[in-house]
Amino acid sequence: MSSHAVTRDDIDAAARRIAGRVRVTPVLEAELDGQPLSFKLEFLQAGGTFKARGAFNRLLSCDGPALRAAGVVAASGGNHGIAVALAAHALGVPAHVFVPRITPQAKLDKLAALGAVVHREGAVYAEALAASQAHAQATGAVQSHAYDQPETVAGQGTVAREWAAQSPALDTVLVAVGGGGLVGGIAAWYRGDVRVVAVESEGCPTLHAALSAGRIVEVEARGVAADSLGARRIGEIAFDVARRHVDRALLVPDEAIVAAQRRLWSSFRIPSEPGGATALAALLCGAYRPAPGERVGVLVCGANVDPATLA
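J.: Sorry if this is basic, but what is going on with the pattern of salt bridges here?
T.: Opposite charge on two side chains permits pairing when their charged atoms draw close. One pass over the full model with this rule turns up 14 salt bridges. A salt bridge links Arg-53 to Glu-42; the shortest N-O distance between them is 2.7 Å. Remark: Glu-42 occurs in the loop between β2 (35–41) and α2 (51–60) and Arg-53 occurs in helix α2; sequence separation between them is 11 residues. As far as burial versus exposure is concerned, Arg-53 and Glu-42 are alike and both buried. Via salt bridges that share partners, Lys-40, Glu-42, Arg-53 and Glu-162 belong to a single interconnected network.

J.: Can you help me understand the packing of helix α8 (residues 181–190) against helix α11 (residues 236–245) in this one?
T.: The relative placement of two packed helices is expressed as an angle between their axes plus a distance between the axes. For the pair α8 and α11, the least separation of the axes is 9 Å and the interaxial angle reads 45 degrees. Taken together, the axes of α8 and α11 are oblique relative to one another. You can see that α8 and α11 cross each other, and the crossing is left-handed. Touching Gly-184, Ala-187 and Ala-188 of α8 are Ala-238, Val-241 and His-245, all from α11. In the contact of α8 with α11, the residues fall into 4 nonpolar, 2 polar and no charged.

J.: Just to check I follow, could you spell out the sheet that holds strand β6 (residues 142–143) for this structure?
T.: Two modes of strand pairing occur in sheets, parallel and antiparallel, and in both the strands are linked by backbone hydrogen bonds. Strand order in this open sheet of 4 strands is β5-β4-β3-β6, and the pairing throughout is parallel. Bordering the open sheet on either side are β5 (117–120) and β6, each of which pairs with just one other strand. The pairing of strand β3 (residues 72–75) with β6 spans 2 bridges and is parallel. Bridging across to β6, Val-72 finds its partner in Val-142.

J.: So what exactly am I meant to see when it comes to α2 here?
T.: For the α-helix, the turn length of 3.6 residues means that residues three or four positions removed from each other point alike. Burial of α2 is extensive: 9 of the 10 residues sit out of reach of the surface. Regarding α2, the residues found buried are Lys-51, Ala-52, Arg-53, Gly-54, Ala-55, Phe-56, Asn-57, Arg-58 and Leu-59. Along its buried surface, α2 packs onto α1 (8–18), α3 (64–70), β3, α4 (79–91), β6 and α7 (150–166).

About the criteria used
Residues numbered from 1 in each chain as written. Predicted model: local features only at pLDDT ≥ 70, side-chain atom pairs only at ≥ 80, totals over all residues. Heavy atoms only, no water. Salt bridge = Lys/Arg side-chain N within 4 Å of Asp/Glu carboxyl O. Helix = DSSP H or I, 4+ residues; strand = E, 2+ residues; numbered from the N terminus. Buried < 20%, exposed > 50% of the residue type's maximum accessible area, 1.4 Å probe, protein only. Axes fitted to C-alpha atoms, helices over the stretch in contact; angles between N-to-C directions. Parallel < 35°, antiparallel > 145°, perpendicular 65-115°, else oblique. Left-handed = near helix turned anticlockwise from the far one by under 90°. Contact = heavy atoms within 4.5 Å. Nonpolar A, V, L, I, M, F, W, Y, C, P; charged D, E, K, R; others polar. Pairing = 2+ DSSP bridges.

So, to be careful, I would describe these as geometric facts and stop short of saying anything about function.
If you want it as structure tokens, here you go:
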């Protein structure tokens, strides 16, 4: 994938391109255990996650006739596929989505409802990705990568552009990381003006491992958040941005993620999937301890969860 540097100009252009196609999501100013927090409620985005932003920006950046002729293909743990299916449905183009066998039924149902052709291929995301790339080669379909395309990263960066206008006084934002498209876009927008702290599941430490090694390395993808954060390696674009503009990458255990899910539900009636609760988990388990008076933002990035699991 391209290591094209994503700039604020790219993110501004993405915001103009996707305006009216995606929602401006609200911010909830609240207190949790005595700490004031700015929750960016991106789980209210079309499709249930931030990923609609990148998917629309990618498809609207493509050559229209080619897209209509061969359609779009994506590999996904579920959420990117849902976003691509949503964008393809809105634009009237066919979508093929390749998912690993661990993809939850709730996400498969949503893909089917949006009219995507779903292919279950492989045990993990990397195997679904390889199958999707073979499909693109065979058919000429436009590829929409889940996290390592400039258009995708710029689209995800519109979250930060929006948040900066809504909560201009933040010192720090906590952002969950899988393949890195979201944290790459957010850090490309803030560029050190606001501290960006990446939070990863211990089972999917793509960015933490890469920063520790000084290069992109492959990791195992396992644990409670693997369906959404389960990339095996950080994207090239995200790694390039993170080395310059991400303050640190923290790891949190599965039990902290589940506790954060339950806390979001019990305190705010926010239905978060594990990946969507991972940023808050860093605060709850003490992996991130704000300084006195520090103004902290928490991104709640996804809600494609079976509600029965939140009880």
